[in-house]
Number of protein chains: 2
Amino acid sequence: MDRIPILKMGQFLLVTIQVDLYDRLALNLENDLINMVSKTGARGVLIDISAVSIVDSFMGRILGNIASMSRIMDAETVVVGMQPAVAITLVELGLTLQGVYTALDVEKGMELLHDKIGTIEHPEDEEEEAPHDDID
Amino acid sequence: MDRIPILKMGQFLLVTIQVDLYDRLALNLENDLINMVSKTGARGVLIDISAVSIVDSFMGRILGNIASMSRIMDAETVVVGMQPAVAITLVELGLTLQGVYTALDVEKGMELLHDKIGTIEHPEDEEEEAPHDDID
């Protein structure tokens, strides 16, 4: 296999990484994703890494690259499903995935994307941390 | 890798098959899926096989098994993203994937599932092929 499938779901793209990302596969993924964002006008990219148990600096760089490229194309990137051990490794490696949003699972990632691109149903002034008492 | 990740999206589960399904992987997938259906109360299972370019009778049987098991658990199964060559091979092998619904992509598969489980927004009498001229 030299291509990771990219699934279009509404205005988001979903990628599930299940195999080790070697050079060509990673480059293909970057290319395919950017082309898909351009072709579909997607506003968000969800990358599920729940099947990834080993992470290295290459993987971290690829995720960062995808996020940077997507942002230029006006799409936000959310990495979801990270295993606790992977998070530990990333921090120990000094990789903080700058510019990449993370969420616990796909559903939470979609909520985050909806929030980011402002297509959430409730108006934006309904902030949970700032309840208004202006009922009079 | 000995497990294929299963993503929960609302009331559906999404599985992307990217690697060849050998025995243990397929059995694990069946087990994991049924457990997830039971745990989450999912009403539908979407299996994306857009990355599968070679199909054999084992793969056909696994898809059929998953559909049968899911139906017992009150969930419908839709296989999406089948490559044309795979469809040709399936027919040539005499495998017609009985009991398995198919759709062109994930979005169409989700529409089909919504239709099947009756959670579609528009009422069911709004059939496209039967336009009504009852404006009077």
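Small disclaimer: the values here were computed from a predicted structure and weren't measured.

Reading the values: the criteria
- Residue indices follow the written sequence of each chain, beginning from 1 at its first position.
- Just so you know, chain letters begin at A and ligand numbers begin at 1, following the order they were written in.
- Reporting in this predicted model follows two pLDDT cut-offs: at least 70 for local features of residues, and 80 or more for side-chain atom pairs to be given and counted; totals over whole chains, interfaces and linings ignore these cut-offs and use all residues.
- Excluding hydrogens and water, the side-chain values take into account all heavy atoms of the structure.
- In this scheme, strands are said to pair when DSSP sees at least two bridges between them.
- The secondary structure listing takes helices from DSSP runs of H or I that are at least 4 residues long and strands from runs of E that are at least 2 residues long, numbered from the N terminus.
- A fitted line through C-alpha atoms represents every axis, and for helices the fit uses only the stretch in contact; the resulting angles, taken between N-to-C directions, go from 0 to 180 degrees.
- UniProt positions are given in the numbering used here, feature names are shortened, and annotations may be inferred rather than shown by experiment.
- Should an angle lie under 35 degrees it is considered roughly parallel, over 145 roughly antiparallel, and from 65 to 115 roughly perpendicular; all remaining angles are considered oblique.
- Less than a right angle of anticlockwise turn of the near helix away from the far helix marks a crossing as left-handed, whereas a clockwise turn marks it as right-handed.
- In what follows, a contact means two residues having at least one pair of non-hydrogen atoms within 4.5 Å.
- Classification used: nonpolar for Ala, Val, Leu, Ile, Met, Phe, Trp, Tyr, Cys and Pro, charged for Asp, Glu, Lys and Arg, polar for all others including Gly.
- Salt bridges are identified by distance alone: a Lys or Arg side-chain nitrogen within 4 Å of an Asp or Glu carboxyl oxygen.
- Accessible area is worked out with a 1.4 Å probe on protein chains only. A residue is then buried under 20% of its type maximum, exposed over 50%, and partly exposed in between.
- For this overlay, a least-squares fit was computed on C-alpha atoms, restricted to residues scoring pLDDT of at least 70 in both copies.

Remarks on the sheet that holds strand β1 (residues 6-9) of chain B
What links the strands of a sheet is backbone hydrogen bonding, and the strands pair in either a parallel or an antiparallel sense.
Residue and element names in this part refer to chain B.
So, step 1. Judged by pairing direction, the sheet is mixed, and its 5 strands sit side by side in the order β1-β2-β3-β4-β5 without closing on themselves. Each end of this open sheet is capped by a strand with a single partner; those strands are β1 and β5 (101-103). This sheet shows a mean twist of 25° between the axes of neighbouring strands, independent of strand direction.
So, step 2. As paired strands, strand β2 (residues 12-16) and strand β3 (residues 44-48) are joined by 5 bridges and run parallel to one another.

Observations concerning the UniProt feature "domain: STAS" (unreviewed entry) in chain A
So, step 1. Annotation from UniProt places "domain: STAS" (unreviewed entry) at residues 2-113 of chain A.
So, step 2. Helix makes up 46% of residues 2-113 of chain A and strand 20%. Its end C-alpha atoms lie 28 Å apart.

A look at the packing of helix α1 (residues 23-40) of chain B against helix α2 (residues 57-72) of chain B
Residues and elements named next belong to chain B.
So, step 1. Where α1 meets α2, the axes come as close as 10 Å, and the angle between the chain directions of the two elements is 15°. It follows from the interaxial angle that α1 and α2 lie roughly parallel. Handedness of the α1/α2 crossing: right-handed. When α1 is examined against α2, the residues Asp23, Ala26, Leu29, Glu30, Leu33 and Ile34 are found in contact with a partner set consisting of Phe58, Ile62, Asn65, Ile66, Met69 and Ser70.
So, step 2. For the contact of α1 with α2, the per-class residue count stands at 8 nonpolar, 2 polar and 2 charged.

Thoughts on the pattern of salt bridges
All names here are of chain A.
So, step 1. Taken as a whole and judged by the stated rule, the model has 10 salt bridges over all chains.
So, step 2. Measuring nitrogen to oxygen at the nearest pair gives 3.3 Å for the salt bridge that ties Arg71 to Glu76.
So, step 3. Classification of Arg71 by relative accessible area gives partly exposed; the value is 38%.
So, step 4. Here Lys108 ties to Asp105 by a salt bridge, and the two come within 3.8 Å at their closest N and O atoms.
So, step 5. What makes Asp105 partly exposed here is its relative accessible area of 29%.

Digging into the relation of the copies chain A and chain B
Relating one copy of the chain to the other requires a rotation about an axis plus a shift along that axis.
So, step 1. Its rotation angle being 180°, the transformation that places chain A on chain B also includes 0.0 Å of axial translation and leaves an RMSD of 0.0 Å. The symmetry that links the two subunits is that of a two-fold axis.

So, the environment of Pro84(A)
So, step 1. Within the fold, Pro84(A) resides in helix α3 (residues 84-92).
So, step 2. Placed 39 residues apart in sequence, Pro84(A) and Val45(A) show a C-alpha to C-alpha distance of 22 Å.

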